[in-house]
Amino acid sequence: MAVPQQPPGVLCHACCFQGILRTKEVVERLKSIPPTPGQKPAILVYLGVLLQKGKLNASESAELARLVLAQNKKELLTNWWNEGKLEASEELGDMVSAAGDKDMALKIYQLCGASGKVIVALAEKGDMSALQAYTGQTGGSLNYLQLLQQLMMNNPSGAVSLAKMIAKQSPQPVDTNTMADLFLQRNMVREGTAFLLDALAGDKAEEGPLQTKLLEINLVTNPQVADAILANGTLTHYDRPRIAQLCEKAGLYMRALQHYTDLKDLKRTIVNTHAIDPQALTEFFGTLSAEWALECLKELLLTNMQANLQLVVNIAKDYTEQLGSGKIIELLESYNSYPGLYLYLGSRIAFSEDPEEHYKYIEAAARTGQLKEVERATRESNFYPPERVKSFLMEAKLPDARPLINVCDRYDLVEDLTTYLYNASLLKYIEGYVQKVSPQKTPQVVGALLDCEAPDDFVNNLILSVRSLLPVDALVDQVEKRNRLKLLTPFLEHLIREGSTDPHVHDALGKIIIDTNNNPEHFLTTNPYYDSIVVGRYAEKRDPNLACVAYKRGNCDDALIECTNRNSLFKLQARYIVDRGDIELWDKVLDDGNNYRRQLIDQVVSTALPESKNPEQVSVTVKAFMKHDLQAELIELLEKIVLNNSAFSSNANLQNLLILTAIKADPSRVKDYIYRLDNFDGPAVAEKAIEFGQYEEAFEIYKKFGRKVEAIKVLLQHLHDLDRAHDYANKVDEAAVWSELGHAYLDANQVPDAIAAYLRSSDSSRYVQVIDACTAVGCYEDLVKYLLMVRKKVKEAKVDSELLYSYARINNLGEIDAFLHTSHQANLQSVGDRCFDEGMYEAARLLFTNIPNWGRLASTLVRLHRFQEAVDAARKANSAKTWKEVCFACVEEGEFKLAQLCGLNIIVNADDLDEVSEFYQRRGHFDQLMALMESGLGLERAHMGIFTELGILYAKFKPEKLMEHLKLFGKRLNIPRLIRVCEEQGHWRELVHLYIMYDEYDNAAHCMMAHSSASWDHVTFKDVVVKVSNVDVYYKGIRFYLQEHPELLADVMKAMETRLDHARVVGMFRKEGHLPLIKDYLLNVQKVNILEVNEAVNELLVDEEDFEGLRSSITTYDNFDQIGLATRLEKHELLEFRRLAAYVYKKNLRWKKAVELAKADKLYKDAMETVAVSGAPELAEELLRWFVEAKEPECFAACLYTCYELLRPDVVLEVAWMNKLMDYAMPYMIQAVKEYSGKVDLLMSERKEAKEAVQAQQDNMQKAQAQANSFQMLMPLALPAPQMPGMAPDHGSFVGAPPAGYGAAAGFTGHQGYGGY
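Residues numbered from 1 in each chain as written. Predicted model: local features only at pLDDT ≥ 70, side-chain atom pairs only at ≥ 80, totals over all residues. Heavy atoms only, no water.

What follows is about the overall build of the chain. Each helix and strand in the chain was counted, giving 86 helices and zero strands. Relative to the globule expectation of 34 Å for 1317 residues, the C-alpha radius of gyration of the chain, 69 Å, shows a markedly less compact shape. When its C-alpha atoms are laid out on the principal axes, the chain stretches across 190 × 130 × 70 Å. For the chain, the residues scored as buried account for 45% of the 1317 residues in total. (Helix = DSSP H or I, 4+ residues; strand = E, 2+ residues; numbered from the N terminus. Rg over C-alpha atoms; globule rule 2.2 N^0.38 Å. Buried < 20%, exposed > 50% of the residue type's maximum accessible area, 1.4 Å probe, protein only.)

This is how it looks when you write it as structure tokens:
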């Protein structure tokens, strides 16, 4: 169609008329029109006008998008799209997608129905759920493989996302291997890698081939990526040998090593150290076994020792513990790699204690010329083997001898060192060693030099160069062993001239003097510095007398004794020992183990001691003889000294010693010595005689010295002769003697005799023992006499108390009463308790009354059966213990009134209540106990225990009073305790009452259900059950009523209505088959609209054939299985129920099913109403044709009226005309014509109003331009700004106001050439 060449404004106006010319051909023609000078292209003007007027069609929208996107102004396009100015098309979506706005492109594809593009867009987004939802809505199925191939060509990243989503589905629509092959066939290695890394993230064993494929491709194309994948460690099931080979070919030697499992492959690969990170290689060795690691190290050394030595050493350092230092040292030695040994052992030497390692380190350092390190190691190390190191250093002959000196000096190999240095003519090192290094080892050097036959001058000069720094004793030792002592004479004399007092110097000089016999006695007696032991032993072999001189000078006891024993010099030995006067020395020589003791004693007795005039020496000698039990020898010696006239005859100590020795050794001589000697210590000797059992001698000594008490003690304690002692006491007649005799009688348990003796001596010292003895034998009359004597001297409570007790024992109550009225110190309470305990109640009564002690008095009166007086005493005592004692005694005797008086004072104490109750109950006095408790209720101090105990008694013995008691005193009871008792006694009604009082409603309900015959009450149960906390009680209660009281079930369920789980209740009754019983309950709770309740109600209504109730139920409450109910009802024999089935189908939008049911039951009205409500024209037409087929013209006419909105006039006219029902259809046709005429009139009216609105809009164009953002945003693209004076026309600008002739331009506004439109 040819388009006339017209001005743009006119052209636009023409094109807009009813859209007749808005075609793609017109757009193409406008695009081809060359722009008029000074004006914009016609297509721009055209599109601008259309945008202002309304919405563009598909071709116009696509053209506008092309123009806008060409100038990178996509936001303009977005605004127009959001304002609804553009029409969706696949072409427009493609351009927007190419511009990068995938979301907008997706919306465009969806609106234009480009399902293929929608699927691709959703796949690119990765929104799998949306993709599946979309395909479900469109009724199609996804061809994932085709979609994936398409995305690979257009959007590789989207293809990766889609592949990842497919891989995550279960089951997978496309196999992972197939998708991977698609990527790799198109050489999309990067995308395929990204997909496989995500798909294989689970690291499953069955994915091993895919893992291998992923690594193979990247090792061939991009080894760095493969290295990163392997480093990540997420894949473990690939073909490791295959990957190892590829890694080796790709130059990833470290990865190859990690994957090879054969030693041959490892050795081949590991030599490429130039391409392997040393740190990684070192860590790799930690994964190898010790044997393989050593083999690989050998390979490294064999291939290139110089380049790999440092690496081998580093590996050896890190894995010494695994490989073993010995194996590493052996490896390095096998290649003569002493530098390697030096480096390796240098890192271990500081903390290693292995002697072999230290030796190898010293050897390696020496062989590599590290002399300073050798010297340091030999000086500081404590673990190298000195002999081996010494031998090695001597063989190595290092230019510096200091390492060898260090070793020999530290480990005392000085002789070997000296011999080596002397033979090597290194005399300066010898001099330096003794002068600067170790002067104290000069003796060993000298000894070695003497062995080497060094010149004496050199040795002497060497000694003199050190002088006082060297140890003289060691030097003398060394020289003496070689019999060269004379060599030291100049040196020793030089030291003495310098004033040396060193014993070793003088010892050496003394030895030389003894050897030369140069007046040795003078030296030995006058020189104060020598060591007597050293010189004496040296002289002993030459002259024992000289040795004894030396020993005596130094008090060398052992050495002198040994020397004199060996040389039989016993006289010299005896004189020395007596002269020394040392008891320890005597112990040594008088020891039984001394084979020379007899010879020494003979010399002491015959020569040494008689010569002595020193008393101390005699004393020490005697003591020594005594100590070693030489009794016979000692007696002989003492008789000579004491009995014979001598300087020591009157010595008291010697006399004592003589008698004592005789007592021990020869008792027959003792009495003779007692009579002949007068200056001895009698008491001490007598004690010694007693000690040795010589009692008669001791008695004679005490008599001789006037010691009478000691004498009678001997008779009593040792001779045990009481008669002789009594005669001696009568003869002497002294109080002290009688006292001792009394003690003896008392110890012999002759109590009367003892008391008689004490009375004669007036001795009260042992009154406690006398009391105990009299108590034991029961002689209280004698005890009274004794205590009256004692009481005059001693004021003690014990005496007065025992006197009172004795009066009680002899039943002298008058004396007791008289005694109590005098002043005394007796412990009345103690005596009273004793009398009470021993049954002397009258005496105890007197004592307790006098104290007064009302509690004990009450107990005493109880024993005397004076109960009234006992109650009075108990009242004064006011003690719970006393009250209980009196009360229990009264109960035992049947005095219940008195017992009740006492009991009332006991039960007010809660702690004693149980004891009283138990006492009464054990004896069967239940009524008396309840009377006591009932009396206690009115007490001011009545407590909860009394009320509780009475309740327990009622429960046990008078249950008829229990309930009344509970109701009266419920708040003052210990309810838990009563609950236990009621449970034990089976008082269920009272137990329920207690549970309710204690707020244990669960237990109350359980009790009523468990013991319904005795405890159930409907009103009580209703009140209780609504307060329980355990919901299971509700359902147990329902079962209880169902079984025992079904007539009251509805009432109780109404009370529990708000607390029940209605679904559970329905399930329970449905299982029991008793749903009709709870119909009222179900109707009450149906308002909560619960599925189970609704279905149960509907089921009951169906069973009862109550269709009206059922209709009301299903209309009001919709929470039930509606389709299931409808299915059941459609087969019901009653029409109304089938009609309800159609109604349910209708509610569930199953129109066709509802119509079929209505037609089957000839409920045509229902069928027509259902179709009218459905809004489905096809159902209406189908029903209309069915009425025609069923020969129901009236229904046909009624359907036209009922379904008027759904029927098309042409269809109605066709059916009526073909079936000769035009008369029935004529009312419908009249109505349809009328309606369509009205619609045309309305359209014309609206068109007129629209024109008027357009006119108003043109009048306000300037305001409309300010609001029309899309039009303003179009202006820069469509038209230039108006030219200003002096400005050249701009054909490229898209910014400015509309040109003349556009918008409100002349010739457009108010134009009437088109009928005013």
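What follows covers a negative patch on the surface. Together, D1061, E1092, E1095 and D1121 make up a negatively charged patch on the protein surface. Within the fold, E1092 resides in helix α75 (residues 1091-1104). Judged by relative accessible area, E1092 falls into the partly exposed class, the value being 32%. (Patch = residues over 30% accessible without salt bridge, like charges linked within 9 Å, V, L, I, M, F, W, Y side chains within 5 Å. Areas by Shrake-Rupley, 256 points an atom, 1.4 Å probe, with all protein chains shown as cover. Salt bridge = Lys/Arg side-chain N within 4 Å of Asp/Glu carboxyl O. Lys, Arg positive; Asp, Glu negative; His and termini not counted. Charge placed at Lys NZ, Arg CZ, Asp CG, Glu CD.)

With an omega of -10 degrees, the peptide bond running from I851 to P852 counts as cis. With respect to the element layout, P852 can be found in the loop between α57 (841-850) and α58 (854-863). Here N187, not a glycine, exhibits a phi torsion of approximately 60 degrees, which is positive. Here N187 is to be found in the loop between α12 (176-185) and α13 (189-199). Since its relative accessible area comes to 61%, N187 is described here as exposed. Phi angles above zero are rare outside glycine, and N878 is one such case at about 50 degrees. Along the chain, N878 turns up in the loop between α59 (867-877) and α60 (880-893).

Attention now goes to the nonpolar core. Core analysis: the largest hydrophobic core is formed by 203 residues, its most contacted members being W586, Y786, I1038, M1053, F1069 and L1082. Residue contacts for M1053: discarding those within four places in its chain leaves I1038, L1060, V1065, F1069, I1078 and Y1081. Formed by 162 residues, the second largest nonpolar core is a distinct cluster that contains V26, L147, I315 and V472. (Core = buried A, V, L, I, M, F, W, Y, C linked by side-chain atoms within 4.5 Å. Contact = heavy atoms within 4.5 Å.)

An α-helix turns once per 3.6 residues; consequently, residues spaced three or four apart project the same way. Here helix α7 (residues 102-112) has its buried residues at M104, A105, L106, I108 and Y109. Just downstream of α7, G113 is the residue with a positive phi angle, here 75 degrees.

Take helix α80 (residues 1164-1174) next. Among all positions of α80, only Y1164, D1166, A1167, M1168, T1170, V1171 and S1174 are buried. Packed against the buried residues of α80 are α78 (1135-1147), α79 (1151-1160), α81 (1177-1189) and α82 (1193-1202). Positive phi appears at G1175, one or two residues downstream of α80, with a value of about 70 degrees.

Moving on to the environment of G855. Here G855 lies in helix α58. Every residue in contact with G855, bar those within four places of it in the chain, is listed here: A877 and T882.

At a closest axis distance of 11 Å, the pairing of helix α68 (residues 1001-1010) and helix α71 (residues 1032-1044) adopts a crossing angle of 20 degrees. Taken together, α68 and α71 sit at an angle that is classed as roughly parallel. In the packing of α68 onto α71, the handedness of the crossing is left-handed. Contact with α68, carried on its side by D1002, A1005, H1006, M1008 and M1009, involves V1033, K1036, G1037 and F1040 of α71 and no other residues of that element. Classifying every residue of the contact of α68 with α71 by side-chain character gives five nonpolar, two polar and two charged. (Axes fitted to C-alpha atoms, helices over the stretch in contact; angles between N-to-C directions. Parallel < 35°, antiparallel > 145°, perpendicular 65-115°, else oblique. Left-handed = near helix turned anticlockwise from the far one by under 90°. Nonpolar A, V, L, I, M, F, W, Y, C, P; charged D, E, K, R; others polar.)

Here the focus is the side chain of E191. Structurally, E191 is set in helix α13. Given the relative accessible area of 11%, E191 is considered buried. Excluding its chain neighbours within four sequence positions, the residues that come into contact with E191 are P156, V160 and F183.

So, on to the confidence of the model for the chain. Here the chain shows a mean pLDDT of 80. Residues at 70 or above account for 91%. Every residue in residues 1-18 is under pLDDT 50, and counting partners more than four places away or in other chains gives 31 contacts. (pLDDT = per-residue confidence, 0-100.)

All right, on to the environment of D262 then. Looking at where D262 falls in the secondary structure, it is placed in the loop between α17 (253-259) and α18 (263-270). Considered as a pair, D262 and M626 are 364 residues apart in the sequence and their alpha carbons are 95 Å apart.

Moving on: the state of the cysteines. With the rule as written, the count across this model stands at zero disulfides. Distance from the sulfur of C835, which forms no disulfide, to the nearest cysteine sulfur (C774) is 17 Å. Counting only cysteine sulfurs, C902 is the nearest neighbor of C890, a cysteine outside any disulfide, at a range of 5.1 Å. (Disulfide = S-S within 2.5 Å.)

By the secondary structure assignment, N272 is in the loop between α18 and α19 (278-285). Separated by 2.9 Å, the side chain of N272 and the backbone oxygen of T269 make a polar contact. (Polar contact = N/O pair within 3.5 Å; in protein donor to acceptor, adjacent residues only side chain to side chain.)

Moving on to the packing of aromatic side chains. Per the stated rule, a full pass over the model turns up 21 aromatic pairs. An aromatic cluster is built from W1016, F1021, F1040 and Y1041, whose rings are joined through pairwise contacts. Above the ring of Y359, the side-chain terminus of R388 is found at 4.0 Å from the ring centroid. Looking at R923, its charged tip hangs above the ring of F919, at a distance of 3.6 Å from the centre. (Phe/Tyr/Trp six-rings, centres within 6.5 Å; stacked < 30°, edge-to-face > 60°. Lys NZ or Arg CZ within 6 Å of the ring centre and 35° of its normal.)

So, on to the packing of α81 against helix α83 (residues 1209-1218). Interhelical geometry of α81 versus α83 gives an angle of 10 degrees and a closest axis separation of 11 Å. Viewed along their axes, α81 and α83 adopt a mutual orientation that is roughly parallel. Of α83, the residues touching α81 (which contributes E1181, L1184, R1185 and V1188) are V1211, V1212 and V1215. For the contact of α81 with α83, the per-class residue count stands at five nonpolar, no polar and two charged.

So, about the pattern of salt bridges. Scanning all chains against the criterion turns up 57 salt bridges. Put simply, R875 and D872 hold a salt bridge, and the shortest N to O gap is 3.3 Å. Here D872 and R875 lie together in helix α59, a separation of three residues that amounts to about one turn. For R875, a relative accessible area of 46% gives the class partly exposed. Through salt bridges that share partners, E333, E356, K360, E363, R367 and R388 make up one connected network.

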